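# An overview of the molecular structure
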Amino acid sequence: MLLNKIFSFGKAEDPPLTIKDKLKYFFIAYWRGIVCVLTPLIALPIILPPPIENYQWCAFCLVIMAIYWVTECIPLTVTSFLPLIIFPLTGVNSTTATSKAYMNDTIIMFLGSLILASAVEQSGLHKRLALCAIKLIGFTHFRLLLSLCVVTTFISMWITNTAATTMMVPINFAILKVFEDQKLLKIYETNSDGEKIASDITTCYFCAATFSATIGGIGTLVGTATNLVLKGLFQKAYPAAPEYLSFPKFSAFSVPYMIILEAAMFINLAVLYFGYLRPNSAAAKETTITPDGIAAAKRAVDADWKKLGRITFWEYMVIILFGGAMVLFFCRSPQMFEGWGDFMEKRFDRPHKFIRDSALAALVSYLMLLAPSSLYFFKNFIAKYHENFPKSPVQSVLNWSEMNAKLPYSFMFLLGGGFALSDAAKKTGLNEKIGESLQSLKSLPNAAIILIIIIVVIFVTNFASNVVVCNVFVPIVMELAKKIDRNPLWYAIAAGFSASYCFMIPVGTPGNLIVQSAASIPTKKMIIAGAGPTLSTIIITWAAIYFWAPVIWSDLLILPDWAHAQTT
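Under an unreviewed UniProt entry, the name given to the chain is Solute carrier family 13 member 3, and the source organism is Parnassius mnemosyne. Quoted straight from UniProt, the Sequence similarities (unreviewed entry) entry for the chain says "Belongs to the SLC13A/DASS transporter (TC 2.A.47) family. NADC subfamily." The Subcellular location (unreviewed entry) field of the UniProt record for the chain holds the comment "Membrane".

Written out as structure tokens, the structure is:
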């Protein structure tokens, strides 16, 4: 309506627009273009006056990309190509060197994780897991929310946070509709403007889904893109470092940490919306479910379970291939014993880290595209008459056409843009300049610096893409660590993990936007729901990074030789 008002010619009785009104309407309509034009002009002081050093061009590109990424004045992926334009033309880096950042081991691993997750979604195995958990845990609000959180967290460890959240949307609606039919709750309420918005209980269920997906994403290396960005940036900055962020090491740290985060988030929502620990509160009384309501919910879930039927050969194949991939990821180079990757490198006289997880991800993806999703092709061997022969090819475990239409390939370039920027910042000395400007933090205790990193990154990631925030902050904090004689890995994992935690603002992560649009959750309600989990996440993350991380990575307490070597 606002745009119609802006572009309508108006009626004769309308008052003439003032200059202020014209500027306001112009900005509302064309703010993206204005940001695109003004940002390079505002950044000009970085490269003026001449002569211009390479690190200044790199900083110029960094500022433009950061503003474009945060405001999304142009698509995130388009912004990611700026290094390919700016760096070769200004002499910062060659076209060949810059292009290599857009296709490397980490990006292939990211693509492989998306492909593996697609097979789970196509087979419907994730829905079977969700309904099974609900049937096992129970049908009161407290138990249903617990099962929702457990299932979403577990599934999000292996597939994208967005897919895990999307999966829970119809399940949430089905459960809430059963209770609404029993007049035990209302899915929607009407606000002062007469609009239908999510009720508090609806907000609780849907926010729990996206929050659990976010937390579950940190559980494994393939759980979310920020984990792989963290690993890629660290490996690029310190290629001589041991493989600290291997699949088993990463999960050894993240899984216990993830469980505590999830428990704190669940308790926050239960206290706020169910009156947990507050038996006489209005929330506790409103969310009490009668035996009839519990029975109705059970019937609804049983009906959905019956529709799924028996577990299919397709699902068995996904369990074998996907589960096998996870086991092999853990066993490639676990450092606790000789893995299959270590054995092959030794047997064929290959250098250390010659075989990485991306090779296994590509292999399993290839097998999923070849393996059949049913045993229907055996009819070719037992058919006696022409009409008994199969009339069409058997679908593979992974349908390429369906996956190709849905796969978010653009995120690969988003990762690549961050890697290109990180590589140039390292080569030109920009990281060192930033590190020097942050040396004033050296006087602070290490615990305080880690807490500052966590708070700043979590605040920013609520307003910008998680991957973008990780790409920007991880190189900066690694350089800061070097300047104040701390292990760069310590600050890198603090920033890398914190970049995932967006619980308050919808634009921070696609999962938040999905539940907001699906359930009509006002931003104010999401902020209220996310305030408690955000605070508990900051505290738990600080404790995990400061106390638990050195248990898993004992080198964090020293500045190893590989860090000294990189600075020379």
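On to the pattern of salt bridges. Where side chains of opposite charge bring their charged atoms close, a pairing between them can arise. If you walk through the whole model with that rule in mind, you get eight salt bridges. In this structure, the salt-bridge partner of Glu 243 is Lys 231, at a minimum N-O distance of 3.9 Å. Of the two residues, Glu 243 sits in the loop between helix H12 (225-237) and helix H13 (247-274) while Lys 231 sits in helix H12, which places them 12 residues apart along the sequence. On the basis of relative accessible area, Glu 243 is assigned to the buried category, the value being 4%. Each of Glu 189, Asp 200 and Lys 525 takes part in one network of salt bridges that share partners.

This brings us to the side chain of Ser 396. By the secondary structure assignment, Ser 396 is in the loop between helix H19 (379-382) and helix H20 (400-406). A polar atom in the side chain of Ser 396 sits 2.5 Å from the backbone oxygen of Leu 398.

Looking along the chain, the bond that leaves Leu 48 and enters Pro 49 is cis, with omega of -5°. Along the polypeptide, Pro 49 turns up in the loop between helix H2 (19-43) and helix H3 (54-71). That bond from Pro 50 to Pro 51 is cis: its omega, -5°, falls within 30 degrees of zero. Structurally, the position occupied by Pro 51 is in the loop between H2 and H3. At Asp 349, a residue that is not glycine, the phi angle is positive and equals roughly 55°. Tracing the sequence through the fold places Asp 349 in the loop between helix H17 (340-347) and helix H18 (357-370). Even without a glycine there, the phi angle at Asp 485 is positive, about 60°. Locating Asp 485 in the fold gives a position in the loop between helix H24 (466-483) and helix H25 (488-498).

So, on to the packing of helix H10 (residues 161-181) against helix H11 (residues 200-216). Contact geometry of H10 with H11 gives a least axis separation of 9 Å together with a crossing angle of 155°. One finds that H10 runs roughly antiparallel with respect to H11. Considering only the axes of H10 and H11, their crossing is right-handed. For the pair H10 and H11, contact is made by Asn 161, Ala 164, Thr 165, Met 168, Val 169, Asn 172, Phe 173 and Leu 176 and by Thr 202, Tyr 205, Phe 206, Ala 209, Thr 210, Ala 213 and Thr 214, respectively. Looking at the contact of H10 with H11, its residues break down into nine nonpolar, six polar and no charged.

Attention shifts here to the nonpolar core. In this structure, Tyr 491, Ile 493 and Trp 553 are the most contacted members of the largest nonpolar core, which totals 174 residues. Broken down by element, the residue count for this core peaks at 13 residues, all from H13. The contacts of Tyr 491, once residues within four sequence positions are left out, are Asn 446, Ile 449, Ile 450, Ile 453, Val 477, Leu 480, Ala 481, Ile 484 and Arg 486.

A few words on the packing of helix H22 (residues 430-437) against H24. Between H22 and H24, the shortest axis-to-axis distance is 8 Å and the interhelical angle comes to 65°. For H22 against H24, the interelement crossing comes out right-handed. Judged by residue contacts, Asn 431, Glu 432, Ile 434, Gly 435 and Glu 436 of H22 engage Pro 475, Ile 476, Glu 479 and Lys 483 from H24.

Between the first and last C-alpha of H2 there are merely 28 Å, a value that for 25 residues lags more than 12% behind the 36 Å anticipated at 1.5 Å per step. Considering bend angle alone, the principal kink of H2 is centred on Tyr 30 and spans about 85°. Residues of H2 that are buried: Tyr 25, Val 35, Cys 36, Thr 39 and Ala 43.

Moving on, we get to the environment of Leu 145. Relative to the assigned elements, Leu 145 resides in helix H9 (residues 141-156). With residues near it in sequence (within four places) discarded, Leu 145 still touches Cys 204, Tyr 205, Ala 208, Phe 266, Leu 269 and Phe 274.

It is worth spelling out a nonpolar patch on the surface at this point. Residues Val 37, Leu 38, Leu 41, Ile 42, Leu 44 and Leu 48 make up a contiguous nonpolar surface patch of roughly 560 Å² in combined accessible area. As for its placement among the helices and strands, Leu 38 is situated in helix H2. Residue class for Leu 38 comes out partly exposed when judged on its relative accessible area of 42%.

When the pLDDT values of the chain are averaged, the result is 83; 95% of them are 70 or greater. Within the chain, H25 carries the highest mean pLDDT (93), whereas helix H1 (residues 2-7) carries the lowest (52).

So, about the packing of aromatic side chains. Inspection of the entire model under this criterion finds 26 aromatic pairs. Relative to Phe 497, the ring of Phe 250 has its centre 5.3 Å away and its plane inclined at 20°; by these criteria the two rings are stacked. Highlighted residues: Phe 250 in helix H13 and Phe 497 in helix H25, separated in sequence by 247 residues. Cluster of aromatic residues (ring-pair linked, three or more members): Phe 250, Phe 253, Tyr 257, Phe 497 and Trp 553. Arg 128 extends its terminal NZ or CZ atom over the ring of Trp 305, reaching a point 5.7 Å from the ring centre.

Each value, and the rule that gives it
Residues numbered from 1 in each chain as written. Predicted model: local features only at pLDDT ≥ 70, side-chain atom pairs only at ≥ 80, totals over all residues. Heavy atoms only, no water. UniProt positions renumbered as here; feature names shortened; annotations may be inferred. Salt bridge = Lys/Arg side-chain N within 4 Å of Asp/Glu carboxyl O. Helix = DSSP H or I, 4+ residues; strand = E, 2+ residues; numbered from the N terminus. Buried < 20%, exposed > 50% of the residue type's maximum accessible area, 1.4 Å probe, protein only. Polar contact = N/O pair within 3.5 Å; in protein donor to acceptor, adjacent residues only side chain to side chain. Axes fitted to C-alpha atoms, helices over the stretch in contact; angles between N-to-C directions. Parallel < 35°, antiparallel > 145°, perpendicular 65-115°, else oblique. Left-handed = near helix turned anticlockwise from the far one by under 90°. Contact = heavy atoms within 4.5 Å. Nonpolar A, V, L, I, M, F, W, Y, C, P; charged D, E, K, R; others polar. Core = buried A, V, L, I, M, F, W, Y, C linked by side-chain atoms within 4.5 Å. Expected span 1.5 Å × (residues − 1). Bend = angle between axes of the 7 residues up to and from the residue. Patch = residues over 30% accessible without salt bridge, like charges linked within 9 Å, V, L, I, M, F, W, Y side chains within 5 Å. Areas by Shrake-Rupley, 256 points an atom, 1.4 Å probe, with all protein chains shown as cover. pLDDT = per-residue confidence, 0-100. Phe/Tyr/Trp six-rings, centres within 6.5 Å; stacked < 30°, edge-to-face > 60°. Lys NZ or Arg CZ within 6 Å of the ring centre and 35° of its normal.

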